[in-house]
Amino acid sequence: MKIVGSAPAQEAADLLRLAEKHGLDAAHSGSERAMALLALSYLNGTFGRKDAASAYAIVHAWAHRDSAENRERLAYLQSQMSTAELDSAKSLLNRCGWQKDSDRTSVMRSPFW
């Protein structure tokens with residue numbers, strides 16, 4: 001991110017796309033750190049756009065790893081989102097095939113794809 005700040009506009013955009021791609025790849029592989037960084041990045045607009053629905057989808061999948069801390073993150077994020085953003089996030093989860101009774105750790109069910 002330090003490089004992005006001093007790079008010309010096109011290079012900065014390319015670096016951000018690359019950072020997002022590598023973050024998504026790491027999240028697909030199950031990296032909780034990548035999930036946390038992506039969720040925060042989408043929430044803050046680090047990649048050039050704020051995307052609360054994607055942040056919610058990431059935290060939602062992450063929260064179901066049976067961790068109280070992760071469930072608290074999800075509850076906090078929900079409290080910060082509008083009804084429209086929550087509806088968009090739930091739609092994203094549905095399009096990804098998320099089901100409560102499915103294998104929650106399966107990358108085939110990942111909302112990051």
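These remarks concern the structure in this document. Just so you know, these numbers come straight off a predicted model, no measurement behind them.

### Some details on helix α5 (residues 68–80)
Consideration 1: Helix length check: α5, at 13 residues, gives a terminal C-alpha distance of 19 Å against a target of 18 Å (1.5 Å per residue), a fit within 8%.
Consideration 2: Within α5, burial applies to N70, L74 and L77. Projected down its long axis, α5 shows its buried positions confined to an angular sector of 65°, all on one face. Those residues of α5 that are exposed and aimed more than 90 degrees away from the buried face are E72, Y76 and S79.

### Topic: the packing of helix α2 (residues 9–28) against helix α3 (residues 32–44)
Consideration 1: At their nearest, the axes of α2 and α3 sit 8 Å apart, and the two run at 135° to each other. Classified by the interaxial angle, the pair formed by α2 and α3 is oblique. Considering only the axes of α2 and α3, their crossing is left-handed. Contacts between α2 and α3 involve E20, G23, L24, A26 and A27 on the former and, on the latter, A34, M35, L38 and Y42.

### Details of the side chain of E20
Consideration 1: The residue E20 is located in helix α2 in this model.
Consideration 2: Among the polar contacts made by the side chain of E20, one reaches the side chain of Y42 at a distance of 2.6 Å.

Rules used throughout
Residues numbered from 1 in each chain as written. Predicted model: local features only at pLDDT ≥ 70, side-chain atom pairs only at ≥ 80, totals over all residues. Heavy atoms only, no water. Helix = DSSP H or I, 4+ residues; strand = E, 2+ residues; numbered from the N terminus. Expected span 1.5 Å × (residues − 1). Buried < 20%, exposed > 50% of the residue type's maximum accessible area, 1.4 Å probe, protein only. Arc of directions from axis to C-beta. Axes fitted to C-alpha atoms, helices over the stretch in contact; angles between N-to-C directions. Parallel < 35°, antiparallel > 145°, perpendicular 65-115°, else oblique. Left-handed = near helix turned anticlockwise from the far one by under 90°. Contact = heavy atoms within 4.5 Å. Polar contact = N/O pair within 3.5 Å; in protein donor to acceptor, adjacent residues only side chain to side chain.

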